[in-house]
Amino acid sequence: MLNDSLLPKHVQLRAALLKTIEDELQPGAMIPSERDLTTRYDVSRATVRAAISSLVNEGRLTTVPGRGTVVTRPRVESNLHLASFTQDMRQRGHRPSTEVLSAAVVEAGEATAKALGISPGDSVWEIERLRLADDEPMAHEVSWYPEAIVPALGDEDLSGSIYAILEATYGVVITDAHQTTWAEQAGHTYAHLLEVGETAPVMVFDRVGSSHEGPVEQTISRYRGDRYQLSMSLQRGP
Ligand code: 16G
């Protein structure tokens, strides 16, 4: 029941719902129906709708057509957007495949060592792959992984998901990443690999992916600008 008579009913109900969301409901869980809420709090449907729509506007609830109103997944789960190429392509409805161009243990250069928190000259697996979607080149990637973390990475079948190998063979889960993006022209080498013109735009991503224990990978990916797009949800900054 709502009892703070100074506040409008829908504001009180909003607070009560928020408490339920925070204390009892998991992200993705459905909130009680409008009818349940009118009975439970002895308020009108209009009050229930006003309270729900204010929580929807604040991003705490999401209306899922045909299902109802569910608790929004918190934004920290932008983890959801930290995907492997394999997952990303599948989610977009494409069939991923990979050509492994090279895999060798090399000495980490300055930049890679810094990114991975190791010393220049330490051994890293350097893996170069062409990633395809529906059999057409989508991205070129070169990745470095400390040999100390993934000693026999090169013995694995690298034509699938390396993230899956990290998890299954090494128990390493990439939980977060820092990524820098810029645009470039393909240039001679990547034009050839990506099957585009030399002046075609490519989107470059320099990702350092970390597990709970620290950095695990640096990957520089070059995605075809004509085939790849990224969308992101942004919140107004301070
Ligand atoms: C994505 C990542 C790349 C990662 C790869 C793993 C971007 C910009 N880059 O391409 O950093 O190494 O996925 O994919 O998203 P995999 O698990 O399919 O091998």
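Quick caveat: nothing in here was measured; it's all calculated off a predicted structure.

Cut-offs and rules
Residues numbered from 1 in each chain as written. Predicted model: local features only at pLDDT ≥ 70, side-chain atom pairs only at ≥ 80, totals over all residues. Heavy atoms only, no water. Helix = DSSP H or I, 4+ residues; strand = E, 2+ residues; numbered from the N terminus. Buried < 20%, exposed > 50% of the residue type's maximum accessible area, 1.4 Å probe, protein only. Contact = heavy atoms within 4.5 Å. Polar contact = N/O pair within 3.5 Å; in protein donor to acceptor, adjacent residues only side chain to side chain. Near = heavy atom within 4 Å. Nonpolar A, V, L, I, M, F, W, Y, C, P; charged D, E, K, R; others polar. Arc of directions from axis to C-beta. Domains from an automatic or database assignment.

### Points about the environment of glutamine 179
Right, so step 1: Within the secondary structure layout, glutamine 179 lies in strand 6 (residues 176-185).
Right, so step 2: The exposure class assigned to glutamine 179 is partly exposed, which follows from its relative accessible area of 33%.
Right, so step 3: For the pair glutamine 179 and valine 106, spaced 73 residues apart in the sequence, the C-alpha separation amounts to 23 Å.
Right, so step 4: When residues no more than four places from it in sequence are discounted, the contact partners of glutamine 179 are Phe205, Asp206 and Arg207.
Right, so step 5: Polar side-chain contacts of glutamine 179 include one of 2.6 Å to the side chain of arginine 207.

### Here's the deal with the site of the ligand
Right, so step 1: Around the ligand there are 18 residues in total, and Thr86, Arg129, Glu141, Ser161 and Ile162 lie nearest to it.
Right, so step 2: Note that an oxygen atom of the ligand is positioned 2.9 Å from one of the side-chain N or O atoms of arginine 131.
Right, so step 3: Mapped by element, the contributors of at least two residues to the shell around the ligand are helix 4 (85-91), strand 4 (123-133), strand 5 (136-146), helix 6 (162-170), strand 7 (201-211) and strand 8 (214-224).
Right, so step 4: Here the shell around the ligand gets four residues from one element, more than from any other, and that element is strand 8.
Right, so step 5: For the shell around the ligand, a count of residues per class yields six nonpolar, seven polar and five charged.

### Thoughts on helix 6
Right, so step 1: Among all positions in helix 6, only Ile162, Tyr163, Ile165 and Leu166 are buried. Down the axis, helix 6 shows its buried residues gathered within 160 degrees of arc, on one side only.
Right, so step 2: Where helix 6 is buried, its residues contact strand 4, strand 5, strand 7 and strand 8.
Right, so step 3: For helix 6, the N-terminal capping position is held by serine 161, with its side-chain oxygen 3.3 Å away from the main-chain nitrogen of tyrosine 163.
Right, so step 4: Once helix 6 finishes, glycine 171 follows within two positions and takes phi at roughly 65 degrees, a positive value.

### A few points about the domain arrangement of the protein chain
Where interface size is quoted, it is often the accessible area lost as the parts come together.
Right, so step 1: Structurally, the protein chain comprises domain 1 (9-73) and domain 2 (78-224).
Right, so step 2: Put simply, the middle of domain 1 and the middle of domain 2, counted by C-alpha atoms, are 42 Å apart.

### A closer look at unusual backbone geometry
Right, so step 1: Phi angles above zero are rare outside glycine, and aspartate 134 is one such case at about 50 degrees.
Right, so step 2: On the accessibility criterion, aspartate 134 (37% relative accessible area) is partly exposed.
Right, so step 3: In the Ramachandran plot, glutamate 195 falls in the positive-phi region, its phi being about 60 degrees despite a non-glycine side chain.
Right, so step 4: Among the structural elements, glutamate 195 can be located in the loop between helix 7 (187-194) and strand 7.

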